[in-house]
Amino acid sequence: MTSKETRKRFLHFFVDKGHKIVPSAPMVIKDDPTLMFTNAGMNQFKEFFLGNSIAKNTRVVDTQKCLRVSGKHNDLEEVGKDTYHHTMFEMLGNWSFGDYFKPEAIKWSWELLTEVFKIDKDSLYVSVFEGSDDDGLSLDQEAFDLWKTIVPEDRIIMGNKKDNFWEMGDQGPCGPCSEIHVDIRSAEEKAKISGASLVNADHPQVVEIWNLVFMQYNRKADGSLESLPAKHVDTGMGFERLCMVLQGVQSNYDTDVFKPIIREIETITNHKYGKNEKTDIAIRVIADHIRAVSFSIADGQLPSNTGAGYVIRRILRRAIRYGFTFLDTKGPFMYRLVNVLTDSMGEAFPELKEQKQLIENVIKEEEHSFLNTLEQGLVLLDQVIANSQGKEVDGRKAFELYDTYGFPIDLTALILSEKGYSLDEAGFNEAMQEQKNRSKSASEVAKEDWVVLSNDVEQEFVGYDTLEADVRLVKYRKVTSKKQGEQFQLVFNLTPFYAEGGGQVGDKGYLEESNGDVVYIIDTKKENNEIVHFSKSLPKNLNERLKAVVDKKQRQRTEANHTATHLLHQALREILGTHVEQKGSAVHSKYLRFDFSHFSKLTSDELREVENFVNARIDGQLPFEERRNVPMKEAMESGAMALFGEKYGDTVRTVKFGQSIELCGGTHVKNTADIWHFKIRSEGAVAAGIRRIEAITSDAVKDFYTENHQVLTEIKDLLNNAQDPVKSVASLQEENSRLKKEVEQLLKDKAKNLKGELKDELQEVNGVQFLAKKVDLDAAGIKDLSFELGSNMENLFLLFGTEQNGKALLSCYISKNLVAEKELNAGAIVRELGKFIQGGGGGQPFFATAGGKNPAGIEEALSQAKTYIS
Ligand code: ATP
Ligand code: MG
């Protein structure tokens, strides 16, 4: 069965059981401080498990793009080495939010695998949670009894807490699970060792394909468990592993999901897959990583130096390195795989197809720059080797190469061993651990349990319509981190505070208690779809009504920037073309930043046109037209644009100013006239094919013009109130360059005259043409003069002294024949004489200079000159 067919059958099996198909959430998570990437199907449904929101559909089914490369789930080092772990993979899942529980989940999973997919029952094993003393939990009897009605008891395996108790994090919903494992070994192998003994033993042919999680507890901060009021089902099946089983192959990489990519790698590198374990690993790494990187870019996360972008950069570099080291790739090659990838996955994930060109460009550029790094690293590594004593290279030095220059440690080790050196691995690991500890302790956050004051579940955001509201505290907790110290997180029944999202910053403001006391809100963020307010203290009376007031000034400035961002987006698509897509946006109160796809630098004409376009719409006084709760389909039909990598619900909000219509949850001005004016401050590149514009509006523009006007006034004052300062400056520049030329000519003439005079002053001492004299020339003038005199006579010994800007300079010239015959050395002479001017210097035997801070000593130095030749 093809992979496309497999995906379809899975989804439709559950549709027939009353489930609704929902789209995959983005793989890159944008507005959740607790997670960078989606690492399981359940991430996008966290709010339902936590009870923060109520699900509209209690049964859903989906395939979710997952990435397991950081945090709790990190399979990166396995990938390529084994045949069934990927960085990016699809997780098929069926979900019950407080609806069906263990009986249905278990029965249906078995029905799907054995009746629809027709997997041989004898190759399947299931596991149940055996219980755990730490938590005072016993065997999951219910699951065990259910499985017993389906499979023989010797196929049910008891699983421990590590394998069969699923937890979302240190706190939160959790529960026992039942895994389904499949044994794909040959009958012969099976006869030798029973599959049951290979379950959960990292055997590549006895693998877990499906995990059925039964969420029935909540883990509290003190580690204890409480029962959840509503019980949920969360299942996850590895799509690529399922394809492996259904296509009768022994490795995920032998399925139609990976084969076309592997074929392309073979063509590009001229290495055949399946010939040699080392090159096979490299090919698998590359085939896997191109997916992770491409999907990430399609979701709007480009490789970069921090956060999620850095993780992506490291994945891409890992693949480049494997190519470089094992497949002899010399130049960029990964980008050439994007084509096959979009061919095979573009149908299920259109974001790939539509952004193919961008993905290729970004990857190619990254490859170029990393290959440069590798080259520099190789040079540095040579130096490290040259400086190392003995045959072992210092691990800390290798760590420096890795940390500062991005030079990979496995490559270092490989090169060292090729050159007959070894690496002090302990030293490297120590340095690595120290760094990890440093960044860990800086980012560690201790969260106490929520203190729940009332059971309001869904809170209301009233901040579109008002900046003040009477609110009640629903729950709060204390969080402590090194960076922020002690803070409180507050959740209200309703709130006028906008939580950071869609690029717009969170609101600040205050809470007023009835006695007039004030608690400041320093930030507002969304966590698991809940609006969380941050403060440094708590209100005194927790149960009383509070007046919540948003900082109006900051909000208004932010709104002006947000609306201007929409107009800018429209302007860019209108002026540059519809290939322009939003790739990032930051809306602050002081400025806005907008990243977008476009392939060349904007000319100053284009920038002016963009500014004019936006300002024309500000002048046009376009009213804010908002529609809330519009069905997605209707919104799209009205011409609104959805962004790649954003998660949208069934209904959306549209924001319209004139012809600009966007899906947007942010806050906006009531009329574009409120923006006052729009001004671009800078335009530049962020990555291949991605440009960035920074701009300001409203008060910031006023400040900008005031400052500029102030500077202009000062310039005019300096120019004696010139009417046309530009003309005045231009004529000053002209005059300046004319004067410079005149001065140069005068100095040349002066040197010429001096040369004639000095020639007459030469004395003959012991057959040497000698002169020691103080002159009024700068260092370059003295040098020219000395060499000119020297060019048409022999036996010359010159010592000049000069005073320039309160400093002393000595300069000694000796003809080359004298240097040889009399063993004179100008360098040694100025070093000695330098002591008279309190300085030092040096140079060559025939010409040297010394500088010092005591001009009074020049005469003394000159008077000593004769001693060297007499
Ligand atoms: P394993 O023990 O094999 O790493 P897991 O216990 O980490 O699996 P779960 O977190 O239960 O897996 O994820 C659910 C399903 O997703 C698994 O049964 C498996 O089929 C699939 N899966 C998990 N990790 C990966 C991965 N890195 N690559 C491909 N599929 C995976
Ligand atoms: Mg795992």
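Data block above holds the structure.
Note that the structure is predicted; figures quoted are calculated from it, not measured.

Colleague: How should I be thinking about the sheet that holds strand β29 (residues 660-663) in this particular structure?
Modeller: Within a beta sheet, neighbouring strands are joined by backbone hydrogen bonds and run either parallel or antiparallel to one another. Pairing within the open sheet is antiparallel, and its three strands lie in the order β27-β28-β29. At either end of the open sheet lies a strand with only one pairing partner, and these are β27 (625-631) and β29. Strand after strand, the sheet turns through a mean of 25 degrees between neighbouring axes, direction not considered. Bridging between strand β28 (residues 651-657) and β29 involves four bridges; their strand directions are antiparallel. Of the residues in β29, the one forming a bridge with valine 655 is glutamate 662. Its contacts with the sheet put helix α17 (residues 552-575) on β28 and β29, and the angle it makes with β29 is roughly 115 degrees.

Colleague: Please clarify how the pattern of salt bridges should be interpreted in this entry.
Modeller: Two side chains carrying opposite charge are able to pair once their charged atoms lie near each other. For the structure on display, the rule yields 53 salt bridges. The salt bridge partner of aspartate 134 is lysine 161, with a shortest N-O separation of 3.5 Å. One end of the pair, aspartate 134, is in the loop between β6 (124-129) and α4 (141-148); the other, lysine 161, is in helix α5 (residues 161-164), and 27 residues separate them in sequence. Taking the shortest distance from any N to any O, the salt bridge between arginine 738 and glutamate 742 comes out at 3.5 Å. Placement of both arginine 738 and glutamate 742 in helix α21 (residues 725-761) is noted, with a separation of four residues, approximately one turn of the helix. Take glutamate 742: its relative accessible area is 42%, and that puts it in the partly exposed class. Each of Asp134, Asp135, Lys161, Glu167 and Arg219 takes part in one network of salt bridges that share partners.

Colleague: Help me understand the pairing of strand β22 (residues 518-527), please; the structure alone is not making it clear to me.
Modeller: Remember that side chains alternate between the two faces of the sheet whenever the strand is regular. With four bridges joining them, strand β21 (residues 509-512) and β22 adopt antiparallel strand pairing. Its bridge partner lying in β22, leucine 511 is registered against valine 519. As consecutive antiparallel partners, β21 and β22 are separated by five residues, and within that stretch glycine 516 has a phi angle of approximately 95 degrees, a positive value. Where β22 meets strand β23 (residues 530-535), six bridges bridge the pair, whose relative direction is antiparallel. Along β23, the bridge assignment pairs isoleucine 521 with serine 535. Linking β22 to β23, which pair antiparallel, is a turn of two residues; within it asparagine 528 sits at a positive phi near 50 degrees.

Colleague: Can you help me understand the site of ligand 1 in this one?
Modeller: The environment of ligand 1 is made up of 15 residues, and the closest members are Asp75, His85, His86, Glu208 and Asn211. Within the side chain of histidine 85, a nitrogen or oxygen atom sits 2.6 Å from an oxygen atom of ligand 1. Within the side chain of glutamate 208, one N or O atom sits 2.7 Å away from an oxygen atom of ligand 1. In the complex, 86% of the free accessible area of ligand 1, which totals 580 Å², lies under the protein chains. Under a 2 Å grid-point criterion requiring more than half of the atoms, the pocket assigned to ligand 1 is the second largest pocket. Sorting the residues of the shell around ligand 1 by element identifies β5 (88-97), β10 (206-219) and β11 (225-238) as the ones contributing at least two each. At four residues, the largest contribution of residues to the shell around ligand 1 is made by β10.

Here is what the cut-offs are and how they apply
- Residues numbered from 1 in each chain as written.
- Chains lettered and ligands numbered in written order.
- Predicted model: local features only at pLDDT ≥ 70, side-chain atom pairs only at ≥ 80, totals over all residues.
- Heavy atoms only, no water.
- Pairing = 2+ DSSP bridges.
- Helix = DSSP H or I, 4+ residues; strand = E, 2+ residues; numbered from the N terminus.
- Axes fitted to C-alpha atoms, helices over the stretch in contact; angles between N-to-C directions.
- Contact = heavy atoms within 4.5 Å.
- Salt bridge = Lys/Arg side-chain N within 4 Å of Asp/Glu carboxyl O.
- Buried < 20%, exposed > 50% of the residue type's maximum accessible area, 1.4 Å probe, protein only.
- Near = heavy atom within 4 Å.
- Polar contact = N/O pair within 3.5 Å; in protein donor to acceptor, adjacent residues only side chain to side chain.
- Areas by Shrake-Rupley, 256 points an atom, 1.4 Å probe, with all protein chains shown as cover.
- 1 Å grid on protein atoms, 1.4 Å probe; cavity = no way out; pocket = protein on both sides within 12 Å on 5 of 7 lines; lining within 4 Å.
- Sits in = over half its atoms within 2 Å of the grid points.

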